[in-house]
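An overview of the molecular structure
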Amino acid sequence: MRRTVPHPSIRPVRRWLPGSRLGRRAFVTQALVAFGGVSAAVQFAGQLFPDAVSRPGPVLAGSLALCLAWGLARSRQPMCVRQEFTRPGMTVVVEEGDLFDRPGHLVVGFTDTFDTVVGDSSVINDGSVQGQLLARRYAGDVRRLDAELAAALHGVAPVATETARDKPRGKRARYPLGTVAVLGSRPRLVFAVAYSRMGNDCVASSNVRDLWTGLERLWDAVRDHGELGRVTMPLTGAGLARLYDLDEDSLLRLILLSFVVHSWERAVCRELHVVIRPGELGRINLPETGAFLDTLAAGARRHV
């Protein structure tokens, strides 16, 4: 299974991220590699053509310029990674962009109380993916969103109910972690997955086990309701859920591993897009993500 060229809808561009830790580290590494090569070449040329290197100033300036140019060129990382799998027939794409501009079904993380109030951001931050869902898919109509959530959760028994004294703000019924409320209609369903716990102080928290459980239930819901349609999701767990156990790279690999492993059992969807916010991209090594997906694709072939 080989890595294919980018899909026409994905711009195959590369960009250096100067403000990012990965960008700076890659630049320094590549510049030093170039410096070693240029130094060896200059020494060799000096033995063969001593007159050519008799003026060290221009030679040094040219060498430094070449090293800097090489470092800049080699430290540019792609803006997307695409991997085709033949078992099952599916495509996985990791790309930068606006989550809500993408077609298909949408995954949005929720807490176990399925709180929706954003207003003054006292419960749900209006800049979060959930806050953007309310603003952009429901035009700020929290009553409509709450009504759809209530209908989707009908028949799911809460595991606990907080008192007004303990949790004065927001909803008080707690659902099992991993509960998925399927909202909207095809071909643009919203899979609202509870992978974090809302504290009585309205601070959400999660951990790796809770996220893994949420992902397991998510893929089951997508398989049952999505009709193999395209699914778009954010880097779930990287926002305000305070999942401190994993950095962005590890979090992304956890999501991809969960999806591929579940797809080996039975197809989940034909296309999964993980859309990374521009501010998060600088903390993700996309070439290594591509290599990771390639390894998973090779594993799928051996799994046959």
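Please refer to the structure placed before this passage.
Now for a description of the structure that goes with this document. Every chain's residues receive numbers from 1 upward, in the order its sequence appears when written. Local features in this predicted model are restricted to residues whose pLDDT is 70 or higher, and side-chain atom pairs enter the listing and the counts only when it is 80 or higher, whereas totals over whole chains, interfaces and linings include all residues. Heavy atoms from the whole structure form the basis of all side-chain values; hydrogens and water molecules are not counted.

1. Comments concerning the pairing of strand β12 (residues 271–276)
- Extensive coverage of β12 is indicated by the burial of 5 of its 6 residues.
- Direction of pairing for strand β11 (residues 231–233) relative to β12: parallel, over a ladder of 3 bridges. Residue pairing for β12: Met233 is matched across the bridge by Val274. Accessibility here uses a 1.4 Å probe with only protein chains present; expressed as a share of the type maximum, an area under 20% marks a residue as buried, one over 50% as exposed, and anything in between as partly exposed. We count a stretch as a helix when DSSP gives it H or I for four or more residues in a row; a strand needs E for two or more, and each element gets its number in order from the N terminus. DSSP-based pairing: two strands are paired if at least 2 bridges between them are found.

2. Quick notes on the side chain of His105
- Here His105 is to be found in strand β5 (residues 105–111).
- The buried category is assigned to His105, whose relative accessible area is 3%.
- Polar side-chain contacts of His105 include one of 3.1 Å to the backbone nitrogen of Leu189.
- Any two residues having at least one pair of non-hydrogen atoms within 4.5 Å are treated as being in contact. In this structure His105 touches Arg186, Pro187, Arg188, Leu189, Phe191, Gly226, Gly229, Arg230, Val231 and Thr232, once residues within four positions along its chain are discounted. Polar contacts here mean pairs of N or O atoms no more than 3.5 Å apart (in protein, one a potential hydrogen donor and the other a potential acceptor; neighbouring residues in sequence count only if both atoms are side-chain atoms).

3. Remarks on the nonpolar core
- By nonpolar core is meant a set of buried Ala, Val, Leu, Ile, Met, Phe, Trp, Tyr and Cys residues that side-chain atoms within 4.5 Å join together. Formed by 39 residues in total, the largest nonpolar core has its most connected members in Leu218, Met233 and Phe259.
- Within the residue set of this core, elements represented by two or more residues are β3 (80–86), β4 (89–96), β9 (190–198), α5 (208–225), β11, α6 (248–265), β12 and α8 (286–303).
- Per element, the largest residue contribution to this core is 7 residues, and it comes from α6.
- Once residues lying within four places of it in the same chain are set aside, the contact partners of Leu218 are Val107, Val180, Phe191, Val193 and Met233.
- With 20 residues, the next largest nonpolar core counts Phe114, Leu153, Ala181 and Ala192 among its residues.

4. Here we look at empty space enclosed by the protein
- Definitions used throughout: a 1 Å grid over protein atoms alone; a cavity as a set of points that fits a 1.4 Å probe which cannot get out; a pocket as an open set with protein on both sides within 12 Å along at least five of seven lines; a lining residue as one with an atom within 4 Å of a point. Grid points are joined across faces, edges and corners, and a volume is the space filled by probe spheres set on the points. Under the defined criterion, the tally for this structure stands at 1 cavity of 30 Å³ or more.
- Empty space within the largest cavity amounts to approximately 40 Å³.
- Contributing elements (two or more residues each) for the lining of the largest cavity: β9 and α5.
- Ranked by residue count, the leading element in the lining of the largest cavity is α5, at 4 residues.
- A per-class count over the lining of the largest cavity returns 7 nonpolar, 2 polar and no charged. Side-chain classes follow a simple rule in which Ala, Val, Leu, Ile, Met, Phe, Trp, Tyr, Cys and Pro form the nonpolar group, Asp, Glu, Lys and Arg form the charged group, and the remainder, Gly included, forms the polar group.

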